[in-house]
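Residues per chain, in single letters:
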Amino acid sequence: MNKPLPIWRRSGVDLRLILMSMLLIAMGVVFNVLSGGVFLSPENLYNIAQQTAVVGIVSTVMVLVIVARHIDLSVGSVMGFVGVLIAYLQYTSGWSWPTACLAGLAVALLVSIYQGWLTAVLGVPSFVVTLGGLMSFRGAAFLVADGKTQPVNDEFFQTLGGGYDGGIGVTATWVLTGIVALVLLFRMVQKRKALQRYEMPTEPIAIDLMFTAVPIVVLAAFAWAMNHYQISSKTEAQGIPIPVLIWATVAIVLSFLVHRTRFGRYVFAMGGNPDAAELVGIPVKRVTLMLFALLAVLVTIAAIVSIARLNAGTNSLGTGMELYVIAAAVIGGTALAGGSGTIFGSVLGALIMQSLDSGMLLLDVAIGKRMVIVGQVLIIAVVFDVLYRKKFGDR
């Protein structure tokens, strides 16, 4: 007699994501105790949310890059290059922010298509190509503005970074939370109806309600915290920061691409077996170029959010970000060998990395020690992934 599968397996939930969620909660509790209640204060949670958005935006597409058996070590440098260029065009050249952003996007696309062409067409390993880009485009960031910081003064543009006026307010936050909760409940009902229509087994309604209620409760708690952070000179609380909404939109769009489009299926097929994918007619080279182009779009969005938050484009923008982006993807369950990964996993991974960094900063851990810890966390995540796959495979 076959042993019944556990609930998390029957519901299609990745055990790694459950473990990562528990780790995030444990980190929050520990850091909150050690910091005297500061870590889980609305102000700190607001700061963590807007700071995580930049890494989170890029890590969503890094998942697909790694799934396709590639890597991009130049994302931080390219973001710095594009960010300084956008700020330079606004401040020094007097361009409007939409025009400057489009110019930055065009440059990012050229950079990514160049690197993607070397990888897809010439067959140069992406590790080597982007390692060169790591140095080259960091130098380009210095050359754009001759090493000078470029301020950005447009008030609307600054809101994109989640600063003084960068929250959507209390009412909009609760309305958005309610809409998302209704959407999640509607999806649960539709899923049950679809299974029943095709005479497939369904879980007890209590189980489905539990798996639906958990994200709703988390979202409501997050909304409550954001609605309790108020800048002293303002009369209303901030609400959800705009960078988080941008990040959420990016994650939803990429989840749609992964689960509902031919492009997403092609990326995972390439990661599973590139030779077999090419033999069955998948345009591997074209998909790789499209993947690098998608990376350029999200790097540009991350650059916009970052310089809007800092109110300036600096030459150090994005320095070391590639480590955090790759770590977020790997911690979230993406296999460095390719073929496996989730967008939601990258969201959890980004939150874990930023929470770790923020917690150590609150505890006044020296920067050298922080770098050592972050590096070892990445190694531990890879070791865990290897051991997990040996025991459970891709379940």
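- As recorded by an unreviewed UniProt entry, the protein carries the name ABC transporter permease and is attributed to Variovorax rhizosphaerae.
- What UniProt states about the protein under its Subcellular location (unreviewed entry) heading is, verbatim, "Cell membrane".

## A word on the nonpolar core
In step 1: Core analysis: the biggest nonpolar cluster contains 88 residues, and Val58, Leu64, Met79, Ile86, Phe157 and Met321 have the highest contact counts within it.
In step 2: The element best represented in this core is helix α13 (residues 284–310), accounting for 14 residues.
In step 3: Setting aside its immediate chain neighbours within four residues, Met321 contacts Val54, Val55, Val58, Val75, Gly76 and Met79.
In step 4: Among the nonpolar cores identified, the runner-up in size contains eight residues, and Ala49, Tyr229, Ile231 and Ile240 belong to it.

## Brief notes about the packing of helix α5 (residues 97–120) against helix α6 (residues 126–144)
Two packed helices can be described by the angle between their axes and the distance between those axes.
In step 1: Their axes nearest at 9 Å, the elements α5 and α6 cross at an angle of 150 degrees. The angle between α5 and α6 falls in the class roughly antiparallel. Handedness of the α5/α6 crossing: right-handed. Together, Val111, Gln115, Leu118 and Thr119 of α5 and Ser126, Val129, Thr130, Gly133 and Phe137 of α6 make up the contact between the two elements.
In step 2: Of the residues in the contact of α5 with α6, the class split is four nonpolar, five polar and no charged.

## With respect to the layout of surface pockets
In step 1: What the second largest pocket holds in volume is close to 840 Å³.
In step 2: Lining the second largest pocket are 28 residues, and of these Arg309, Thr319, Tyr324, Gln354 and Asp357 lie nearest its centre.
In step 3: Elements supplying a minimum of two residues to the lining of the second largest pocket: α3 (42–67), α13, α14 (321–331), α15 (343–362) and α16 (367–392).
In step 4: Looking at side-chain class alone, the lining of the second largest pocket contains 14 nonpolar, 11 polar and three charged residues.

The rules behind the values
Residues numbered from 1 in each chain as written. Predicted model: local features only at pLDDT ≥ 70, side-chain atom pairs only at ≥ 80, totals over all residues. Heavy atoms only, no water. UniProt positions renumbered as here; feature names shortened; annotations may be inferred. Core = buried A, V, L, I, M, F, W, Y, C linked by side-chain atoms within 4.5 Å. Buried < 20%, exposed > 50% of the residue type's maximum accessible area, 1.4 Å probe, protein only. Helix = DSSP H or I, 4+ residues; strand = E, 2+ residues; numbered from the N terminus. Contact = heavy atoms within 4.5 Å. Axes fitted to C-alpha atoms, helices over the stretch in contact; angles between N-to-C directions. Parallel < 35°, antiparallel > 145°, perpendicular 65-115°, else oblique. Left-handed = near helix turned anticlockwise from the far one by under 90°. Nonpolar A, V, L, I, M, F, W, Y, C, P; charged D, E, K, R; others polar. 1 Å grid on protein atoms, 1.4 Å probe; cavity = no way out; pocket = protein on both sides within 12 Å on 5 of 7 lines; lining within 4 Å. Points joined across faces, edges and corners; volume = space filled by probe spheres on them.

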